[in-house]
Amino acid sequence: MKLRAVVLIGAFTTSALASDPEGAEKLYRAGRESVARGDWPTACQKFRASYALAESDSTAIYISDCDARDGKVADAASNLRDLIERLGRSDPKDPLIPEAKKRLAAVDKRVPKLVVRLVAGAPEGTTVTRDGVELKAGALGEALPVNIGEHTVVVTAPGRKESSRKVQVAEGKTETVDVEVGEKSETPAATRPTRSKDAHAEAHGDSPGPTGNANTLAYVLGGVGLVGVGVAVFTGLSLSSKKSTMDTAHCDATTKICSGA
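The rules behind these values
Residues numbered from 1 in each chain as written. Predicted model: local features only at pLDDT ≥ 70, side-chain atom pairs only at ≥ 80, totals over all residues. Heavy atoms only, no water. Helix = DSSP H or I, 4+ residues; strand = E, 2+ residues; numbered from the N terminus. Buried < 20%, exposed > 50% of the residue type's maximum accessible area, 1.4 Å probe, protein only. Pairing = 2+ DSSP bridges. Axes fitted to C-alpha atoms, helices over the stretch in contact; angles between N-to-C directions. Salt bridge = Lys/Arg side-chain N within 4 Å of Asp/Glu carboxyl O. Polar contact = N/O pair within 3.5 Å; in protein donor to acceptor, adjacent residues only side chain to side chain. Contact = heavy atoms within 4.5 Å. Core = buried A, V, L, I, M, F, W, Y, C linked by side-chain atoms within 4.5 Å.

Draft legend 1. Expanded view of the overall build of the protein. In terms of helices and strands, the protein carries seven helices and nine strands. Each of the 261 residues in the protein was classed as buried or not, and the buried ones make up 28%.

Take a look at the structure:
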């Protein structure tokens, strides 16, 4: 099978749009040589590189073979169906159609199916995804083709924790998985922030904390000190005045009798 460019409506090929059709042809031939040697890993690398340089129907068929060998049988079948449909629209007698149909018949037998069912009672707004792709209500409960291997089903719902299930699907088998919403999420109630005494004092121009209390205490002690000093000075002056009066009046210090007025 020789590389053949994809035919589009209007009877022109993508080779005119390709960045390197000659390089694509060389890689395509190298891929076929690898297939002849049984070296499929190398062949698939060559085919994918060729298709990146110039899309072609022939290369697309080989890439579907590579996908099928990697377990991506659902992808391979889907791509082959698209190719057959497109070739049939342009030329129903295209020789590539029988080749594509033969490969499709072989890969279709290997495609497994997965049924995802949502348990009843899910709240409004519940979303179900399979491998990151959302499954709408119409897809739930249907046996849908998937690739061979592990698949992840995730259920999300308002006010619920995320629920996740993994399911392994074997070649040609149909698996069913029942999923449900997760437990109710515990969201703590919002509390109003309260202003501390220090913040209240600061807002009113007061000095908060130990420093403010120390200043107040210093003022009090200072005031008491001043009063004490004043009393002591007054007392001292009074005593001094009394002594001076006793001396002036010629008072006897022992008998406390004064001769003066």
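Draft legend 2. Looking closely at the sheet that holds strand S9 (residues 174-179). An order of S6-S3-S9 is seen for the three strands of this open sheet, with the pairing classed as mixed. Across the chains shown, the open sheet's two edge strands, defined by having one partner strand only, are strand S6 (143-145) and S9. On average, each strand axis in the sheet is inclined to that of its neighbour by 30°, with strand direction left out of account. Here three bridges tie strand S3 (residues 113-118) to S6, and the two strands are oriented antiparallel to one another. Bridge pairing in S6 places lysine 113 opposite proline 145.

Draft legend 3. Focus on the pairing of strand S7 (residues 149-156). Here four bridges tie strand S4 (residues 127-130) to S7, and the two strands are oriented antiparallel to one another. What sits directly across from arginine 130, in S7, is valine 153. With antiparallel pairing between neighbouring strands as the criterion, S7 and strand S8 (residues 163-169) make up a hairpin whose turn holds six residues, including glycine 159 at a positive phi of roughly 75°.

Draft legend 4. View of the sheet that holds S8. In space, the four strands of this open sheet follow the order S5-S4-S7-S8, with antiparallel pairing throughout. Two strands close off the open sheet at either side, each with one partner strand: strand S5 (133-134) and S8.

Draft legend 5. Up close: unusual backbone geometry. Its identity as a non-glycine residue notwithstanding, aspartate 131 has a phi of 55°, on the positive side. Within the secondary structure, aspartate 131 sits in the loop between S4 and S5.

Draft legend 6. Expanded view of the pattern of salt bridges. For the structure on display, the rule yields eleven salt bridges. Between lysine 136 and glutamate 134 there is a salt bridge; the shortest N-O distance is 3.3 Å. Here the salt bridges do not stand alone but share partners, grouping Asp65, Glu99, Lys102 and Arg103 into one network.

Draft legend 7. Representation of the side chain of serine 163. Inspection of the secondary structure assignment puts serine 163 in strand S8. At 3.1 Å, the side chain of serine 163 and the backbone oxygen of glutamate 180 are in polar contact. Aside from chain neighbours lying at most four places away, what touches serine 163 is Val153, Val154, Val155, Glu180, Val181 and Gly182.

Draft legend 8. Representation of the environment of valine 35 within the structure. Tracing the backbone shows valine 35 in helix H1 (residues 21-37). Considering only alpha carbons, one finds valine 35 and tyrosine 62, 27 residues apart in sequence, at a separation of 9.7 Å.

Draft legend 9. Representation of the nonpolar core in the model. Of all hydrophobic cores here, the largest spans 16 residues; its most connected members are Ala100, Leu104 and Val107. Residue contributions to this core peak at eight residues, all from helix H4 (residues 73-90). Setting aside its immediate chain neighbours within four residues, valine 107 contacts Ala68, Val73, Ala76, Ala77 and Leu80. Residues Val116, Val128, Leu135 and Val177 belong to the second largest nonpolar core, which totals 14 residues.

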